[in-house]
Amino acid sequence: MTLSPTGFLRIGASDLEYRFTGPAPDAAPTIVMLHEGLGSAALWGDFPEKLQAATGTGVFVYSRAGYGASSPAKLPRPLDYMHREAEEVLPKLLDAIGFRRGLLLGHSDGASIAAIYAGSRQDHRVRGVAMIAPHFIVEDVSVKSIAEIGTAYETTDLKAKLARWHKDVDNAFYGWNRAWLDPRFRDWDISEYLAYIRVPVALIQGEKDQYGTLRQVEIAREECYCPVDVTVIPGAGHSPHREAAGATLEAIVEFVNAVFRVDEGSQGRAA
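Residues numbered from 1 in each chain as written. Predicted model: local features only at pLDDT ≥ 70, side-chain atom pairs only at ≥ 80, totals over all residues. Heavy atoms only, no water.

Asks: I'm lost on the overall build of the protein chain in this one. Help?
Replies: Within the protein chain, the secondary structure is distributed over nine helices and eight strands. For 271 residues, the compact-globule formula gives about 18 Å, and the C-alpha radius of gyration of the protein chain, at 17 Å, lands near that figure. Dimensions of the protein chain, computed from C-alpha atoms along their principal axes, come out at roughly 60 × 40 × 30 Å. Of the accessible surface of the protein chain, which amounts to about 11,600 Å², a share of 51% is contributed by carbon and sulfur atoms. (Helix = DSSP H or I, 4+ residues; strand = E, 2+ residues; numbered from the N terminus. Rg over C-alpha atoms; globule rule 2.2 N^0.38 Å. Areas by Shrake-Rupley, 256 points an atom, 1.4 Å probe, with all protein chains shown as cover.)

See below:
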């Protein structure tokens, strides 16, 4: 298919909004970006365009069901919602856009979805996985901060601010917040998937991330057999691509270039 710069894709029962910039998937590698638990295609700002300009790849961003202008999600979200996104939605989306080779780049929930995808199937089109502020287990600090933002949503102008980015802001917020605060979610653990990732991994973590500690990085180093490149961004919190965009972009661009230099070299040797 030919991807317009913006539009909607019908995946299952949902219409998912997307943005695309750069060369088509049949002309260059494609970076598929997976947003955070309160994110959307628009909330990435101009980071996708900066990434495209710095790498020459195509960059595809989309809003999952329940976010942005995409179809609403049925609430309450099941506690395995990230598994469902990785195992049911993402494979169909990659096929729909004509994905041929590239990387997954996820932030927070999106990073966890990328890890589940890469660790649950050997998709040879995926040549690397970059994760910003990933979650592999639930930490006390995560639950505390998510409870606090729930209070802020009810008592401050946070709802109005988030409504800029979501057609149905309650659907987006409560679908995420209530799943993470469900007592049963404390048992959520995807670290087992890391041992099955067979492509290079890059982790970008804010030094002052209020939703997760460096324990997440330690888990990746302990569990992964693949190369793991770690960048800790000094002074940054949970969204280093917004709080320290230059340093975050530099780390990701370096990873992208390294992956595809190796990839092209391997193809040359194979030929």
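Asks: Any chance you could explain the pairing of strand S8 (residues 228-233) here in plain terms?
Replies: Each regular strand displays side chains that alternate between the two surfaces of the sheet. Where strand S7 (residues 201-206) and S8 come together, six bridges link them in parallel fashion. Within S8, the residue paired with valine 201 across the bridge is valine 228. At this point the chain moves from S7, through helix H7 (residues 215-223), to the parallel S8, and the crossover so formed is right-handed. (Pairing = 2+ DSSP bridges. Right-handed = clockwise from strand over helix to strand, strands pointing away.)

Asks: Honestly, helix H3 (residues 109-120) in this entry has me stumped. Any pointers?
Replies: Along an α-helix, residues three or four positions apart point the same way, because every turn accommodates 3.6 residues. Taking 1.5 Å as the rise per residue, H3 with 12 residues should run 16 Å; its terminal C-alpha atoms sit 16 Å apart, in good agreement. Burial of H3 is extensive: 11 of the 12 residues sit out of reach of the surface. Within the span of H3, buried status applies to Asp109, Gly110, Ala111, Ser112, Ile113, Ala114, Ala115, Ile116, Tyr117, Ala118 and Gly119. Lining the buried residues of H3 we find strand S3 (30-34), helix H2 (81-96), strand S5 (102-107), strand S6 (126-132) and helix H6 (169-181). (Expected span 1.5 Å × (residues − 1). Buried < 20%, exposed > 50% of the residue type's maximum accessible area, 1.4 Å probe, protein only. Contact = heavy atoms within 4.5 Å.)

Asks: Could you clarify how one ought to interpret helix H1 (residues 47-55) in this entry?
Replies: Inspection of H1 places Phe47, Pro48, Leu51, Gln52 and Thr55 among the buried residues, and these make up the whole buried set. In an axial view of H1, the angular spread of the buried residues amounts to 135°, which keeps them on one side of the axis. Backbone geometry just downstream of H1 places glycine 56 in the positive-phi region, at approximately 80°. (Arc of directions from axis to C-beta.)

Asks: Teacher, can you tell me more about the nonpolar core here?
Replies: A general tendency of soluble globular proteins is for nonpolar side chains to be buried together. Val32, Phe60, Leu93 and Trp176 are the most contacted members of the largest nonpolar core, which totals 63 residues. Not counting the four nearest positions on each side in its chain, valine 32 is found in contact with Phe60, Tyr62, Leu93, Leu94, Ile97, Phe99, Leu103, Leu104 and Leu105. In terms of nonpolar packing, the next biggest core, distinct from the first, is built from 26 residues, Trp44, Leu51, Ile132 and Ile252 among them. (Core = buried A, V, L, I, M, F, W, Y, C linked by side-chain atoms within 4.5 Å.)

Asks: Help me out: how do you make sense of the sheet that holds S8 in this one?
Replies: The strands making up a sheet are joined through hydrogen bonds of the backbone, oriented either antiparallel or parallel. Read across the sheet, eight strands follow the order S1-S2-S4-S3-S5-S6-S7-S8 without closing on themselves; strand pairing throughout is mixed. Sheet topology places strand S1 (6-11) and S8 at the edges, where each strand pairs with a single neighbour. Sheet twist, expressed as the average angle between the axes of neighbouring strands with direction ignored, equals 20°. (Axes fitted to C-alpha atoms, helices over the stretch in contact; angles between N-to-C directions.)

Asks: What's the story with the pattern of salt bridges in this structure? I'm lost.
Replies: Two side chains with opposite charge may pair up if their charged atoms get near one another. Enumeration according to the criterion identifies 14 salt bridges in this entry. Residues arginine 184 and aspartate 182 are paired through a salt bridge, measuring 2.8 Å at the closest nitrogen-oxygen approach. Its relative accessible area of 60% is what places arginine 184 among the exposed residues. For arginine 215, the salt bridge is made with glutamate 222, and the minimal N-O distance between the two is 3.0 Å. What emerges from the salt-bridge pattern is a single network uniting Asp95, Asp123 and Arg125. (Salt bridge = Lys/Arg side-chain N within 4 Å of Asp/Glu carboxyl O.)

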